[in-house]
Amino acid sequence: MDSIIGTKVGMTRIFDEHGRDLPVTVITAGPCIVCQVKTGETDGYRAVQLAFGERKESKTSRPLMGHFKKAGINPARVLREFRTDAEHQVGDVITVDIFQVGDRVKVVGTTKGKGFTGVMKRHGFHGGRASHGKKDQLRAGGSVGASSDPSRVFPGLKMAGHSGAARFTARNLKVVKILPDSNQILVLGAVPGPPNGTVYVTRQV
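All figures in this text were calculated on a predicted structure; none of them were measured in a lab.

Among the structural elements, proline 192 can be located in the loop between β11 (184-188) and β12 (198-203). Remark: the alpha-carbon pair of proline 192 and glutamate 57, spanning 135 residues in sequence, is separated by 30 Å.

Let us look at the pattern of salt bridges. A full pass over the atoms with the stated rule returns seven salt bridges. Residue lysine 38 pairs with glutamate 81 through a salt bridge whose shortest N-O separation is 3.0 Å. With a gap of 43 residues between them, lysine 38 in strand β3 (residues 32-38) and glutamate 81 in strand β5 (residues 78-83) connect regions that are remote in the sequence. For lysine 38, a relative accessible area of 17% translates into the label buried. Judged by its relative accessible area of 30%, glutamate 81 falls in the partly exposed class. Arginine 46 is paired through a salt bridge with aspartate 85; the nearest N and O atoms lie 3.6 Å apart. Of this pair, arginine 46 sits in the loop between β3 and β4 (47-52) while aspartate 85 sits in the loop between β5 and β6 (93-94), placing them 39 residues apart in sequence. Taking the relative accessible area as the measure of exposure, arginine 46 reaches 30% and is therefore partly exposed.

Let's shift gears to the environment of phenylalanine 154. With respect to the helices and strands, phenylalanine 154 occurs in the loop between α2 (119-123) and β9 (161-163). Classification of phenylalanine 154 as partly exposed rests on a relative accessible area of 47%.

With that settled, consider the nonpolar core. Core analysis: the largest hydrophobic core is formed by 29 residues, its most contacted members being Ile27, Leu50 and Val201. The dominant element in this core, judged by the number of residues it contributes, is strand β10 (residues 167-179), at four residues. Contact partners of leucine 50, with chain neighbours within four places excluded, come to Met1, Ser3, Ile4, Ile5, Cys32, Ile33, Val34, Val78, Leu79, Arg80, Phe82 and Ile94.

How each quantity is defined
- Residues numbered from 1 in each chain as written.
- Predicted model: local features only at pLDDT ≥ 70, side-chain atom pairs only at ≥ 80, totals over all residues.
- Heavy atoms only, no water.
- Helix = DSSP H or I, 4+ residues; strand = E, 2+ residues; numbered from the N terminus.
- Salt bridge = Lys/Arg side-chain N within 4 Å of Asp/Glu carboxyl O.
- Buried < 20%, exposed > 50% of the residue type's maximum accessible area, 1.4 Å probe, protein only.
- Core = buried A, V, L, I, M, F, W, Y, C linked by side-chain atoms within 4.5 Å.
- Contact = heavy atoms within 4.5 Å.

The following block contains the structure:
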């Protein structure tokens, strides 16, 4: 198994053996329980479904409760399926031990939601000039198209709107430290999402 579910704790820094200051993100990864195993004979593809976290039975729907009871595990907060050819059985526990220092991983998460933002913050527009009679167009987007031809705004035009809260993948991050006692891994650099946000860590080949 090359993947695990976790939560982002936050960023800090550590020093390597050469005294270099390394910015790292701390991720609490696992333990995850194998909830379902899919095979080519029964499902048409091979995959493993992992369960992570805890959830109250009163907050769990009946279909999910039946799914968890069939697997013989407690209700979990996150269910995620990963494609893999590794052999696993329902009930197996996946921990941070699947990774080693020096591994390259990709981390998938949901970026911080920023709400409704303007074009400068959302798309990096430089804004209008602040002199020569321009006083009301400092942060505006400017023209969105011609009038008579084509008489419409083209789809995909960069405008103000909802920003953030989107799926994002940070690739080629290096594992610099593993803390098995606290189920934590430290990866070099930043990963998407706010503290306590759910992330999916997968070893890159």
